[in-house]
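Survey of secondary and tertiary structure
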Amino acid sequence: MKSIDLRSDTVTLPTTLMREAMCEAEVGDDVFGEDPTINRFEQMAAERVGKEAALFVASGTMGNLVCSLTHCARGEEVILGDKSHMFLNEAGGMSALGGIHPHTVANQPDGTMRLADIEGAIRGSNLHYPRTRLICLENTHNSCNGSVLSVEYIDSVAAVAKRHGLWLHLDGARIFNAAVALGVDVKELTGSVDSVSFCLSKGLSAPVGSAVCGSSDFIAEARRNRKVLGGGMRQAGIIAAAGIVAMEQMVERLKEDHANARRLAEGIDQIEGLSIDVAASKTNIIYFDLISDRIDIESFVKQLEKKGIRLLHIGGPRRCRVVTHYGIEAEDIDVTLKALKEVIEES
Ligand SMILES: *Cc1c(COP(=O)(O)O)cnc(C)c1O
């Protein structure tokens, strides 16, 4: 029985082309700036999102932290969504290591924060207040149904940031999913932000790594902060080689993941005992609720696992998350829907 692992797109395995590229990568000491594969990767990443420069980092968490540390000094404040990955799932790194103060604003179900709420959170000049320095957005929005922020919305937040003299950072762990879902060039989604991070090791299937992109001055300082965090790596081109293949080969196919997720959402909608917002299912992350009272959530997840289907109980007392990705085929969606139905019927 094939295991259908829908817990996350981080379970994706490197492709044959990636393994070959890793095997053949020309490398050097990147701390001396002498790894040709890293240099090629960073140039490619910067061009891809329309920024002057880029930095290879070990993970999305490190990328976001490096950006926070580069934008903000100790005691300064970041405005970010109350359901954002940076606030919820990065171990409080900005506070723990940067002395940076997070100021949360409500995320709407579509992953946005209301402009009025953002403006309301910006501090005036007052001895008692921390100084606001940075606003963060997330696209696609992991815990808001993998929702997509539009170009217009991002630009409108950038205008607010500019008016108040603040920086704007985009946690673009899945920015290519957003671009593919909207049918726009990723540059349109990153044009008005000061910094962006994106993951290679999720839907793009590379084994390790993320990129941080911004102006040359920003990246020079970010490089220093990466070093502070212990992220200065030597022959890192070995892993960045897979990242190059990820950017070249794995972006367009993300629409297959979105189509699979959509079909899964439509199927779940037809199953009695499950509840889902199909319209909100626009990329590769979907959430649904178990509303059948015949089975508790722990047994539900366990019974599915016995049938070879893995998903996460996350986001609510009876809520599950399903993520489609490279390696999940259309027929796996049929198998999953059948198993979901059976588990409820058998309980
Ligand atoms: C996964 C993720 C990150 C962090 O990436 P890691 O590589 O797991 O550290 C950041 N933001 C979002 C929205 C993510 O989904």
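For the structure, check the block above.
Remember, it's a predicted structure, so these values are computed and weren't measured experimentally. (Residues numbered from 1 in each chain as written. Predicted model: local features only at pLDDT ≥ 70, side-chain atom pairs only at ≥ 80, totals over all residues. Heavy atoms only, no water.)

**Some remarks on the site of the ligand**
Here is the rule we go by: What makes a residue near a molecule or strand is one non-hydrogen atom of that residue sitting within 4 Å of it. We call two N or O atoms a polar contact when they sit within 3.5 Å, provided that within protein one can donate a hydrogen and the other can accept it, with sequence-adjacent residues counted only if both atoms are side-chain atoms. Computed with the Shrake-Rupley method and a 1.4 Å probe, the accessible areas treat only the protein chains shown as cover for residues.
Close contacts around the ligand come from 13 residues, with G60, T61, D171, R174 and K202 the closest. N142 places a side-chain nitrogen or oxygen 3.1 Å from an oxygen atom of the ligand. One nitrogen or oxygen atom from the side chain of K202 is found 2.8 Å from an oxygen atom belonging to the ligand. For the ligand, whose unbound accessible area comes to 380 Å², protein coverage reaches 85%.

**Considering the environment of I295**
Heads up, the condition is: Each helix is a run of H or I in the DSSP string that is no shorter than four residues. Each strand is a run of E no shorter than two, and both are numbered from the N terminus. The rule is simple: take the accessible area with a 1.4 Å probe, protein chains only, and divide by the maximum for that residue type; under 20% is buried, over 50% is exposed, in between is partly exposed. Residue contacts follow a heavy-atom distance rule, with two residues in contact if any of their heavy atoms lie within 4.5 Å.
Its location among the elements puts I295 in the loop between β10 (285-290) and α13 (297-306). Residue I295 is classed as buried on the basis of its relative accessible area of 9%. With 22 residues separating them along the chain, I295 and G273 place their C-alpha atoms 9.6 Å apart. When near neighbours in sequence (up to four residues on either side) are disregarded, I295 contacts L290, F300, Q303, R318, V343 and S347.

**Describing the packing of α13 against helix α14 (residues 330-346)**
Counted only if it meets this: Angular values range over 0 to 180 degrees, each being the angle between N-to-C directions of two axes fitted as lines to C-alpha atoms, with helices fitted over their stretch in contact. Reported orientations rely on four angle classes, namely roughly parallel under 35 degrees, roughly antiparallel over 145, roughly perpendicular from 65 to 115, and oblique for the rest. Less than a right angle of anticlockwise turn of the near helix away from the far helix marks a crossing as left-handed, whereas a clockwise turn marks it as right-handed. Amino acids are sorted into nonpolar (Ala, Val, Leu, Ile, Met, Phe, Trp, Tyr, Cys and Pro), charged (Asp, Glu, Lys and Arg) and polar (every other residue, Gly among them).
One way to put it is that α13 packs onto α14 with a least axis distance of 10 Å and a crossing angle of 130 degrees. Taken together, the axes of α13 and α14 lie oblique to each other. The hand of the α13/α14 crossing is right-handed. Of the residues in α14, those in contact with F300, Q303 and L304 of α13 are A339, L340, V343 and I344. Looking at the contact of α13 with α14 residue by residue, the class counts come to six nonpolar, one polar and no charged.

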